[in-house]
Every structure is written in structure tokens, then in C-alpha cells.
Amino acid sequence: MSARLLRVVGMLLLLGVAGWLRWQYIVTISPYIDEFTTMWAAKQILAVGVPVMTSGVLYTRGLLDTYITALFMGVGGDSFIVGRLPSLCFGLATIPLVWWIGKKGWGEPVGWLAAVGLALLPEAIVWSSRARFYAPLQTFSLLTVWTGYLSVAEAKATWRTQLWFALMFTISLFMQEETLLLYPAAVLAVVLWRGRKVLQEPPVWGAHLLCLLMMGIRYLIEIYGQD
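Now for a description of the structure that goes with this document. Predicted, not measured: the structure shown is a model, and the values here were computed from it. (Residues numbered from 1 in each chain as written. Predicted model: local features only at pLDDT ≥ 70, side-chain atom pairs only at ≥ 80, totals over all residues. Heavy atoms only, no water.)

## Concerning the packing of aromatic side chains
Two aromatic rings are characterised by how far apart their centres lie and by the angle between their planes.
So, step 1. Taken as a whole and judged by the stated rule, the model has 12 aromatic pairs.
So, step 2. Among the aromatic residues, those joined into a cluster by ring pairs are Trp 100, Trp 106, Trp 146, Tyr 149 and Trp 193.
So, step 3. When the ring centre of Tyr 32 is taken as reference, the NZ or CZ atom of Arg 130 above it lies at 4.4 Å.
So, step 4. Across the ring face of Trp 127, the terminal group of Arg 130 is positioned such that the distance to the ring centre comes to 4.5 Å. (Phe/Tyr/Trp six-rings, centres within 6.5 Å; stacked < 30°, edge-to-face > 60°. Lys NZ or Arg CZ within 6 Å of the ring centre and 35° of its normal.)

Here it is in C-alpha cells:
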């Protein structure tokens, strides 16, 4: 059996175990209190197009995830099992993703260690089985960090890599606003690795200007959504 086939079989087995563990949680454990908020907001999206609560306040936490949950519920029906499926999908997708990143960055053993750990970690099982934004946030925050690493590791800044970082950061930001905490670290990494002059390169300042714009939009949604 070739090494490539072994990897595929190993990953499928790992995903099978991870999926089974998460599915047992989904179908046997009652919804956590915060899940009702997410699913109610998703139902409001299906009804009026935006996640506005009965108080008139816009529910902005996990905004993009709420729309994804609404999409699943619109297709699969109004049930807590369907509402949990986006987290299951993102939780499972992150396992081969973390394997690939680990393999690319630090070698295949690191990739497998990270993938097995994520597949079997009880906390990861729980939060990729609930109707909340943590599993998709994990996916896109990981991609933000990885594309951020690639953006400073390349010998010369390119628009393609820099814009991929900005895109992953934006998606993660609209999954959960706590992604803001990654941004200062990303800027510090750029400056420490490449020096302050790298910020003068058009692809770099262009991507970071886009990030700042998205943070501003996210802030306005948060502020005006409470009126």
C-alpha cells in the first residue's frame, strides 16, 4: 500500500471516529442554553432576513455563523439536530486542515499529532457538536494564522498571499468579533519578522487597510445593531 493511500485511509478512519463521537453528542445531549439563542436568531433570519431579537436588538455574536445555521435550518428543518450540523461540518473539516498545516509547516508527524488531538479532545468534541460559532471560528482563525504566517514568510510580499490573509481574517471576524485579538499579533509578527519598511509595500498595507476597514464595518454593525 502506497504512503499516499495510507494517509487517505488513516484520515478517513480518524474522521470516522471523530464524526461518530460528535454525532453521539448531537443526538443524545440536550441543547446548551446558548444554542437556543443561536437557533432563535437563525429562525429570525429565515423570517425577516436579519437576526433581530424580539427586543429589537440585532444579535451580532457569531453573525456569519448564524446565517450559515439559518441556511441549514431552511433546508433541513427547524430542529436542534439540524442547527448543530454546521458545527459538525466545520469541526470535521478542521481535522484534515490542521493535519495539512502541521505537515506543511513542521512535518507529517506534527500534522498527525495535531489531527488526532483535535479529533479526540473532549472540548473539541463538545464545541463542534453545539449550535454555536466556536467550530467555524476555529476553522477560520486557524486559516487566518496560517495565511498570516505565509504572508510574512514569503521573500517578497505578493497581493495574492496578503489578500488571502485579509479574506480569512474578515471571515473569522464576522464569525466572532474576538478575532480582533489576532490582529495586533499579526501586525507585530510582520514588523518583527520583516522590519517596519515592509508595511510600506503596497500588498502589505493594502491588505491591512482592508482588515481595518472590515473591523470598522464590524464595529458599526455592533454599535447600530443595539439601537
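## What to know about the packing of helix α1 (residues 3–28) against helix α5 (residues 108–120)
So, step 1. Their axes nearest at 9 Å, the elements α1 and α5 cross at an angle of 20 degrees. Classified by the angle between their axes, α1 and α5 sit roughly parallel to one another. Regarding α1 and α5, the two cross each other, and that crossing is left-handed. Together, Arg 7, Gly 10, Met 11, Leu 14, Val 17, Ala 18, Leu 21 and Arg 22 of α1 and Glu 108, Trp 112, Ala 115, Val 116, Leu 118, Ala 119 and Leu 120 of α5 make up the contact between the two elements.
So, step 2. Across the contact of α1 with α5, the residue classes break down as 11 nonpolar, 1 polar and 3 charged. (Axes fitted to C-alpha atoms, helices over the stretch in contact; angles between N-to-C directions. Helix = DSSP H or I, 4+ residues; strand = E, 2+ residues; numbered from the N terminus. Parallel < 35°, antiparallel > 145°, perpendicular 65-115°, else oblique. Left-handed = near helix turned anticlockwise from the far one by under 90°. Contact = heavy atoms within 4.5 Å. Nonpolar A, V, L, I, M, F, W, Y, C, P; charged D, E, K, R; others polar.)

## Let's talk about the side chain of Arg 218
So, step 1. With respect to the helices and strands, Arg 218 occurs in helix α10 (residues 202–224).
So, step 2. In this structure Arg 218 touches Thr 60, Arg 61, Leu 173, Phe 174 and Glu 177, once residues within four positions along its chain are discounted.

## Focus: the pattern of salt bridges
So, step 1. For the structure shown, the criterion picks out 8 salt bridges.
So, step 2. Between Glu 177 and Arg 218 there is a salt bridge, with the nearest N and O atoms lying 2.9 Å from each other. Taken together, the residues Glu 177 in the loop between α8 (159–175) and α9 (182–194) and Arg 218 in helix α10 connect sequence positions 41 residues apart. Take Glu 177 and Arg 218: they sit in the same class, and that class is buried.
So, step 3. Looking at Arg 218, the relative accessible area reads 3%, which means it is buried. (Salt bridge = Lys/Arg side-chain N within 4 Å of Asp/Glu carboxyl O. Buried < 20%, exposed > 50% of the residue type's maximum accessible area, 1.4 Å probe, protein only.)

## Some words on the nonpolar core
So, step 1. Core analysis: the biggest nonpolar cluster contains 12 residues, these being Leu 63, Phe 165, Ala 166, Phe 169, Leu 173, Phe 174, Tyr 183, Ala 186, Ala 207, Cys 211, Met 214 and Met 215.
So, step 2. Secondary structure elements with two or more residues in this core: α8, α9 and α10.
So, step 3. At 5 residues, α8 tops the list of elements feeding residues into this core.
So, step 4. Excluding anything up to four places from it in sequence, Leu 173 contacts Thr 179, Leu 180, Met 214, Met 215 and Arg 218. (Core = buried A, V, L, I, M, F, W, Y, C linked by side-chain atoms within 4.5 Å.)

## Re the packing of helix α7 (residues 134–153) against α8
So, step 1. Contact pair α7 / α8: the axes reach a minimum separation of 8 Å and the direction vectors enclose 155 degrees. Classified by the angle between their axes, α7 and α8 sit roughly antiparallel to one another. Of the two possible hands of crossing, α7 and α8 adopt the one that is left-handed. Judged by residue contacts, Pro 136, Leu 137, Phe 140, Ser 141, Leu 143, Thr 144, Thr 147, Gly 148, Leu 150 and Ser 151 of α7 engage Thr 161, Gln 162, Trp 164, Phe 165, Met 168, Phe 169, Ile 171, Ser 172 and Met 175 from α8.
So, step 2. Looking at the contact of α7 with α8 residue by residue, the classes come out as 11 nonpolar, 8 polar and no charged.

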